[in-house]
Amino acid sequence: MPNKNPFKASSGTTPPLLVGRDDYIEDFTYALDNGPGTHERTTLITGTRGIGKTVLLNHFGDKARERGWFLFEETATPGFVNRLRDQVYQQIRTLGEGSRKTLKALNLNIATLGGVGATFDTLPDHLPNYTLRMALQDLLNFQKQQATHIRQEPSGILITVDELHYNVLAETRDFGAVLQHLTRDNENIAVAVAGIPSSVKPILASKEGENPVTFLRRTNRVELDKVSTDEVRRGLVIPLDATDKSWDTVALKMAIDACGGYPFMIQLVGDWCFRYSETNTITPDVAQKGIAKAQRKLGQLVHEPALNDLSDIDRTYLLHMAQNEGESSTSEIAAKLKKTVQYANTYRTRLLEAQLIHQTRQGYVDFELPYLREYLREHEASMILDYI
Ligand SMILES: Nc1ncnc2c1ncn2[C@@H]1O[C@H](COP(=O)(O)OP(=O)(O)OP(=O)(O)O)[C@@H](O)[C@H]1O
Ligand SMILES: [Mg+2]
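Please read these numbers as outputs of a predicted model, since none were measured by experiment.

**Examining unusual backbone geometry**
Then, number 1: Of note, Asn-186 is a non-glycine position whose phi angle comes to about 60 degrees, a positive value.
Then, number 2: Among the structural elements, Asn-186 can be located in the loop between α7 (169-184) and β4 (189-195).
Then, number 3: Phi is positive for Gln-355, which is not a glycine, with a value near 60 degrees.
Then, number 4: Considering the arrangement of structural elements, one finds Gln-355 in the loop between α16 (341-353) and β9 (357-361).
Then, number 5: By relative accessible area, Gln-355 is classed as partly exposed at 22%.

See the structure below:
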């Protein structure tokens, strides 16, 4: 039996078993098959770091590819709209390779920009005035013509955009306008975007320009949350079926508890327990060592970037919370911050929106991410220095 470690504890890497997301994948797949106008064809995924946004986007991409769709994937850093345009342009050129037809005969937008009598072979590597909207229209039209020719159903286009951020508000607005036009024209196109709540919220709330706001606001919202204990168990056990290792009952219980429903921990705990086990059984001793290592890794991979997303005062708020064992009273934190309750509430709201904390009862909050309390305690000194 192969004995390769099946767990994939790395950002954006598809896990051996994606647990707890079947409904979202089903809804999205249904929308791909059901045709233009289906609500889930534009989907916005939000959730805290490490909850599985990127891997869900990848799954959506796989479903589109399996159906013969074109897939264009981008990260929303500056220039993403033009990069998408370039990708689509290259796809059109690839499709047209070997075709002797002039672009004019095909009635494509590139005909105007490519020059009279231009063919696919004479197209330049870059067409600066070519827009994403033109490129998508061309690809859809070209594909429809080819499909008719070979008597096939034309397939569609899926665009995925990861790490949506308000830094690229203007581009997101352009992107939204393009998509809005194409969906209004009933084109066979679908879009899935993802981002952490604190980066996406300002875009949804933005009043500058109408388009991205209406476009993103009307999308199907997928707010990713932790997964159930049963799903965690499946995520830890099933991948081992393909190996010669298995969990001892007590070790499995320890591992499940350590994950706290958090998808990244399933991979980290699985990964390190597998690595540390020298026999066919993952024993409680191994589990203890593996869990401790997984917790440290989680700090580097998730807590550190999550804290970097925050302001100094947000971080200080969390540092004060970390001094308590369980839930924290919001008025007590306000007092420690030497601020009014109202002022402290602004930060509390932001942290709630970022899904780093949750309300336990009226006036009390606790940490959402597993082991963030312990991480903050360990790194308190360096963080307070940063704040000063
Ligand atoms: N549903 C799931 N089942 C099992 N493992 C998962 C699941 N979702 C994510 N993972 C694992 O968790 C890790 C983090 O996933 P991913 O990178 O998709 O998170 P993210 O939400 O995109 O994080 P970030 O906001 O930092 O980009 C990966 O190792 C991935 O394999
Ligand atoms: Mg991601």
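**Re the state of the cysteines**
In protein chemistry, a disulfide is the covalent bond that joins the sulfur atoms of two cysteines.
Then, number 1: On inspection of all chains with the given rule, the structure shows zero disulfides.
Then, number 2: Lacking any disulfide linkage, Cys-259 is separated from the closest cysteine sulfur, that of Cys-273, by 8.6 Å.

**Some thoughts on the domain arrangement of the chain**
Then, number 1: Taken domain by domain, the chain holds domain 1 (22-223), domain 2 (229-305) and domain 3 (309-387).
Then, number 2: Between the C-alpha centres of domain 1 and domain 3 the distance comes to 39 Å.
Then, number 3: Carbon and sulfur atoms make up 47% of the surface buried where domain 1 meets domain 3, a total of about 580 Å² over both sides.
Then, number 4: It is Thr-48, Pro-197 and Lys-201 in domain 1 that bury the most area against domain 3; as a group they hold 58% of the surface buried on that side.
Then, number 5: Inspection of the domain 1/domain 3 interface yields two salt bridges.
Then, number 6: The salt bridge involving Asp-309 is made with Arg-49; its shortest N-O contact spans 2.8 Å.
Then, number 7: Across the domain 1-domain 3 interface, the total number found is three residue pairs in polar contact (both at pLDDT 80 or more).
Then, number 8: The residue inventory of the side of domain 1 that touches domain 3, partitioned by class, reads two nonpolar, three polar and two charged.

**A few points about the layout of surface pockets**
Then, number 1: Estimates place the volume of the largest pocket at around 560 Å³.
Then, number 2: When contributions to the lining of the largest pocket are tallied by element, the ones reaching two or more residues are α2 (53-66), α12 (263-276) and α13 (284-308).
Then, number 3: Looking at which element gives the most residues to the lining of the largest pocket, the answer is α12, with four residues.
Then, number 4: In terms of residue class, the lining of the largest pocket is made up of 15 nonpolar, 11 polar and seven charged.
Then, number 5: When residues of the lining of the largest pocket are assigned to domains, at least three fall in each of domain 1 (22-223) and domain 2 (229-305).

**Observations regarding the environment of Thr-279**
Then, number 1: Along the chain, Thr-279 turns up in the loop between α12 and β7 (281-282).
Then, number 2: Overall, the relative accessible area of 47% leaves Thr-279 in the partly exposed class.
Then, number 3: Spatially, the C-alpha atom of Thr-279 lies 56 Å from that of Thr-183, the residues being 96 residues apart in sequence.
Then, number 4: Only 3.1 Å separates the side chain of Thr-279 from the backbone oxygen of Thr-281, close enough to count as a polar contact.

**With respect to helix α8 (residues 197-205)**
Then, number 1: Listing the buried residues of α8 in full gives Pro-197, Ser-199, Val-200, Ile-203 and Leu-204. For α8, the buried positions fall inside an angular range of 160 degrees around the axis, keeping them on one side.

**Section: the site of ligand 1**
Then, number 1: Close to ligand 1 lie 24 residues; Lys-8, Gly-12, Thr-13, Lys-53 and Thr-54 are nearest.
Then, number 2: In the model, an oxygen atom of ligand 1 is placed 2.6 Å from a nitrogen or oxygen of the Thr-13 main chain.
Then, number 3: A distance of 2.9 Å is found between an oxygen atom of ligand 1 and a backbone nitrogen or oxygen belonging to Val-55.
Then, number 4: Here ligand 1, which alone exposes 640 Å², has 97% of that area covered by the protein.
Then, number 5: If you map ligand 1 onto the pockets, it falls in the largest pocket.
Then, number 6: Among the elements of the structure, α2 and α12 are those that each provide at least two residues to the shell around ligand 1.
Then, number 7: Of the residues assigned to the shell around ligand 1, the class counts are 10 nonpolar, nine polar and five charged.

How each quantity is defined
Residues numbered from 1 in each chain as written. Chains lettered and ligands numbered in written order. Predicted model: local features only at pLDDT ≥ 70, side-chain atom pairs only at ≥ 80, totals over all residues. Heavy atoms only, no water. Helix = DSSP H or I, 4+ residues; strand = E, 2+ residues; numbered from the N terminus. Buried < 20%, exposed > 50% of the residue type's maximum accessible area, 1.4 Å probe, protein only. Disulfide = S-S within 2.5 Å. Domains from an automatic or database assignment. Buried area = accessible area lost by both parts, 1.4 Å probe. Salt bridge = Lys/Arg side-chain N within 4 Å of Asp/Glu carboxyl O. Polar contact = N/O pair within 3.5 Å; in protein donor to acceptor, adjacent residues only side chain to side chain. Nonpolar A, V, L, I, M, F, W, Y, C, P; charged D, E, K, R; others polar. 1 Å grid on protein atoms, 1.4 Å probe; cavity = no way out; pocket = protein on both sides within 12 Å on 5 of 7 lines; lining within 4 Å. Points joined across faces, edges and corners; volume = space filled by probe spheres on them. Arc of directions from axis to C-beta. Near = heavy atom within 4 Å. Areas by Shrake-Rupley, 256 points an atom, 1.4 Å probe, with all protein chains shown as cover. Sits in = over half its atoms within 2 Å of the grid points.

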